[in-house]
Every structure is written in structure tokens, then in C-alpha cells.
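# Examining the three-dimensional arrangement
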Amino acid sequence: MLDFGYPTRMTQSMTVAVLGATGAVGQEFLRLFERRQFPVDELRLLASPRSAGHKMRFRDRDAIVEAVSPESFAGVDLAFFSAGASRSREYAPAAIAAGAIVIDNSSAFRMEPGVPLVIPEINLDAIGPADRLIANPNCTAIILLMAIAPLRTLGTIERVIVSTYQSASGGGAAVMQELEDQTRAVLDGREPEPRHLPHPYAFNLFSHNTPINADGLNEEEAKVIEESRKILGETNLRINVTCVRVPVLRAHTESITVEFSGVAPSEDEVRDVFGRAPGVILVDDRAANHFPMPREASGRAEVLVGRIRRDPSHPNAICLMASGDQLLKGAALNAVQIAERLMQAGRLDPVGLAGAG
Ligand code: A2P
């Protein structure tokens with residue numbers, strides 16, 4: 001079994017673009033390229049005109065950020081997009097036309113039929129040989145599915161109920177800054193001033209700050225529901241999600257109840273499955289009251305799972321908690337892992353691409 005948590009050495013070298021390089025996820029891409037020895041021959045850092053000319057450190061050198069334009073993608077083999085859905089819609093066609101494979105971290109194409117929505121540990125086979133646009137799922141959906149997909153070896157999942165404790169990083173660099181600034185303000189005896197969020201964030205929590213639809217679901221909840229169904233290939237999966245923003249800097253945590261079609265597996269069976277599943281780490285120490293925490297999940301490649309117990313209200317259900325770094329497995333790392341798997345499959349060999357052109 002392949003280990004997704006540790007650096008992989010690649011042999012090919014490519015021209016790689018990061019759209020949204022200056023953002024919270026964009027910066028993680030650069031760190032991951034270094035840490036995982038990702039074969040970047042030339043790196044193109046793309047952002048808004050506001051950042052044009054800014055310098056970012058990459059492999060001990062300064063790299064200059066450029067304002068994105070359709071011409072930015074000439075000669076690019078692989079493009080990671082993380083600058084919001086409207087930028088993805090605007091520039092993905094140009095990048096693909098220029099010959100790049102695009103891995104898009106936005107919601108722009110996730111639910112389009114024919115666009116693979118991929119978590120490598122779960123549904124890598126969704127990527128077809130001709131696909132040039134691959135969608136990276138919503139961060140909350142990735143962390144949830146990393147925790148529940150391994151349980152499918154223990155029975156048929158009938159229903160899933162999730163409550164989330166989502167960090168500032170999901171809102172990007174500006175929201176992380178807002179949490180830090182408000183926390184300082186409150187400790188200094190000043191009023192917290194909301195800038196990008198609708199409510200005071202420091203020492204508070206609130207229902208996720210995305211628009212609410214006619215059914216009362218906010219956009220984040222609707223995404224987790226529909227993306228989970230697509231990734232698991234279970235159109236009718238019964239799933240209910242409540243998304244809440246909590247004053248944690250990075251790493252989302254989730255409380256999850258999984259109901260099976262028959263009697264639930266034992267706690268030991270669940271622990272055993274998590275002990276063997278790629279990309280997850282079991283943190284389940286009752287004696288020490290030590291379970292998944294965002295502080296320990298931050299900076300880690302793996303999703304932490306634990307707090308495993310039977311649901312006292314239903315014989316077919318088990319409960320657990322999961323915590324995962326929203327910027328890593330929830331975003332940049334999952335995208336890089338997709339690219340690594342494409343390379344392993346020979347899909348990202350620049351020689352091969354040039355030959356195909
Ligand atoms: P910039 O820093 O120039 O605004 P985050 O998710 O942390 O908020 O980051 C969003 C990323 O998307 C940043 O890199 C940001 O660049 C980029 N971005 C935002 N608006 C645009 C735009 N109109 N064109 C290109 N990149 C954009």
C-alpha cells in the first residue's frame with residue numbers, strides 16, 4: 001500500500017503554476033513542493049495585480065509573483081488553482097488550452113458531471129486517461145471522508161450525521177489575520193471588529209458564514225453533502241451536516257455519527273480499520289482523555305481520528321471525532337497527492353506531454 005503521508009521522489013521535472021500563490025493555501029503549495037521534493041523545474045507564481053512584483057521564497061531563492069492573465073499558462077505542464085471559483089472559471093480554459101493539467105481547489109467545477117472530484121486514498125480511479133481538469137474537494141468533505149471511507153469495509157453506511165468545528169484558515173489568510181487581530185483586541189480590553197466575517201470571532205463561534213438556501217442549509221453544508229455523495233459514488237447517501245466556525249487558527253474538527261445498515265461494528269473493529277487505513281492516525285486514549293485536536297492536527301499530513309464509541313441512542317451507529325489540517329489534507333496536500341499519483345501513472349511526464357501536443 002502506498003504511503004501518502006511522506007515525501008515521494010519524482011524523476012520528471014515540470015513547469016508548475018500556482019494561481020493564488022500569495023494566499024493561505026498557495027503558500028502551503030510552495031512549502032509542500034520543497035518538503036516532498038516535488039519536481040518543479042520552473043515555478044510560476046500567479047495572483048491578483050495587487051501582488052504583482054511581490055517576492056516569495058522558494059528553495060532559498062526569491063520568486064516573483066505575477067498578475068495572472070490567460071497568457072500566464074504558456075508552457076505550463078501542471079497548474080494548481082486556489083484563488084476562488086470565479087478565477088478558476090476565468091482561467092482554467094486558458095490553462096487547459098495551453099496544454100496544462102489543472103488541479104482546481106475551488107468549488108467551480110466540483111459538481112460538473114465528467115469532472116473527477118478526487119481524494120486519492122478513496123477514488124483515484126475517478127480520473128480518466130483524458131482528464132485535464134481535476135477538482136479538489138471541499139476541505140470539510142475531505143476530512144469527513146478520510147474518516148468514514150475506511151469504515152465501508154465493516155458494513156454498508158446507511159446514514160451520516162456531522163457537526164463541524166471549522167477554523168479560520170478555511171476563510172483564507174485574511175480571516176486568519178482577523179482572528180489574530182480580534183484576539184489581541186479583546187485581550188487588550190478593546191471591542192473585536194469584524195472585517196470579513198459577519199460576527200465577532202475571537203472568544204465566540206457562529207453558524208458557517210456562507211449564504212443559506214431555501215432548505216436552511218448554508219453553502220458549506222450543501223457542498224459537504226453533495227460532494228460526499230459524488231466522491232463515495234453513493235447518490236442517495238443520507239447525510240446531514242451542521243457547519244460551525246470556531247476561533248481556531250487552522251485545522252477543522254468534526255463530530256461524526258455513522259449509522260450502518262445492520263448492527264454497528266465493535267469499537268475494536270473500528271480502531272483496527274483506522275490503524276491500517278492510509279492517511280489517518282488513530283488518537284483514541286480514553287485514560288488520558290486524548291482525542292483528535294486541531295492543535296495536534298495542524299501541520300500534519302494525516303487526519304486524526306478517535307473518540308470512537310457506540311451510539312447509546314442507536315444499536316447500528318458509532319460516533320467518532322476527526323481533526324485535519326484544512327490547508328494541507330483539506331486543500332494543498334490533497335491536490336499535490338493527486339499530481340503525484342498522475343506522475344506515477346505517467347500522466348505528467350513533460351516529454352510525454354510534448355509528444356502528445
Ligand atoms: P492576492 O494576494 O494578490 O489578493 P486566500 O484564500 O488566502 O484569501 O487567498 C486568495 C488568493 O487568491 C490570493 O493569492 C489572491 O491574490 C488570489 N486572488 C484573489 N483575487 C484574485 C484575482 N482577481 N486574480 C488573481 N488572483 C486573485
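See the structure printed just above.
To keep things clear, this report deals only with the structure shown in the data block. Just so you know, these numbers come straight off a predicted model, no measurement behind them. (Residues numbered from 1 in each chain as written. Predicted model: local features only at pLDDT ≥ 70, side-chain atom pairs only at ≥ 80, totals over all residues. Heavy atoms only, no water.)

## Looking at the nonpolar core
Among the nonpolar cores identified, the biggest contains 56 residues, and Phe73, Phe81, Ile148, Leu151, Ile256, Val258 and Leu320 are the most heavily contacted of them. Broken down by element, the residue count for this core peaks at eight residues, all from helix H4 (residues 139-148). Those residues in contact with Val258, other than ones at most four positions away along the chain, are Ile148, Leu151, Ile157, Arg159, Asn316, Ala317, Ile318 and Leu320. In terms of nonpolar packing, the next biggest core, distinct from the first, is built from 46 residues, Phe58, Phe80, Phe206 and Leu342 among them. (Core = buried A, V, L, I, M, F, W, Y, C linked by side-chain atoms within 4.5 Å. Buried < 20%, exposed > 50% of the residue type's maximum accessible area, 1.4 Å probe, protein only. Helix = DSSP H or I, 4+ residues; strand = E, 2+ residues; numbered from the N terminus. Contact = heavy atoms within 4.5 Å.)

## Concerning the packing of H4 against helix H9 (residues 328-344)
Following both chains from N to C, one finds H4 and H9 inclined at 90 degrees, their axes separated by 8 Å at the closest point. In terms of orientation, H4 lies roughly perpendicular with respect to H9. Only Lys329, Gly330 and Asn334 of H9 make contact with H4, whose side of the interface consists of Cys139, Ile142 and Met146. A per-class count over the contact of H4 with H9 returns three nonpolar, two polar and one charged. (Axes fitted to C-alpha atoms, helices over the stretch in contact; angles between N-to-C directions. Parallel < 35°, antiparallel > 145°, perpendicular 65-115°, else oblique. Nonpolar A, V, L, I, M, F, W, Y, C, P; charged D, E, K, R; others polar.)

## Considering the sheet that holds strand S12 (residues 252-260)
The mixed open sheet is built from six strands, whose spatial order is S10-S8-S12-S15-S14-S13. In the strand order of this sheet, the two ends are held by strand S10 (238-242) and strand S13 (280-282), each with one partner. Geometrically, the sheet is characterised by an average inter-axis angle of 25 degrees between neighbouring strands, direction not taken into account. Where strand S8 (residues 157-165) lies against S10, five bridges are found, and the strand directions are parallel. Note on S10: the bridge partner recorded for Ser163 is Thr242. Packed on one face of the sheet, H4 meets S8, S10, S12, S13, strand S14 (303-310) and strand S15 (317-324) and runs near 45 degrees to S12. Sitting on the sheet, helix H7 (residues 267-276) is in contact with S13, S14 and S15, with an inclination near 170 degrees to S14. (Pairing = 2+ DSSP bridges.)

## A look at the sheet that holds strand S7 (residues 133-135)
Here we have seven strands laid out as an open sheet, ordered S3-S4-S2-S1-S5-S6-S7, and mixed in their pairing. In this open sheet, the two strands that pair with only one neighbour each are strand S3 (55-58) and S7. Along the sheet, successive strands turn relative to each other by an average axial angle of 25 degrees, direction set aside. Two strands pair when backbone bridges link them, and strand S2 (residues 40-47) and strand S4 (residues 61-67) are joined in this way by three bridges, in the parallel orientation.

## Focus: the packing of helix H1 (residues 24-35) against H9
Each pair of packed helices gets described by two things: the angle between the helix axes and the distance between those axes. Two elements in contact, H1 and H9, have axes whose closest approach is 9 Å; the angle formed by their N-to-C orientations is 50 degrees. Here H9 runs oblique to H1, going by the angle between their axes. Pair H1 / H9 crosses with right-handed handedness. Contacts between H1 and H9 involve Val25, Glu28, Phe29, Leu32 and Phe33 from the former and Leu328, Ala331, Ala332, Leu333, Ala335 and Val336 from the latter. Considered class by class, the residues forming the contact of H1 with H9 number 10 nonpolar, no polar and one charged. (Left-handed = near helix turned anticlockwise from the far one by under 90°.)

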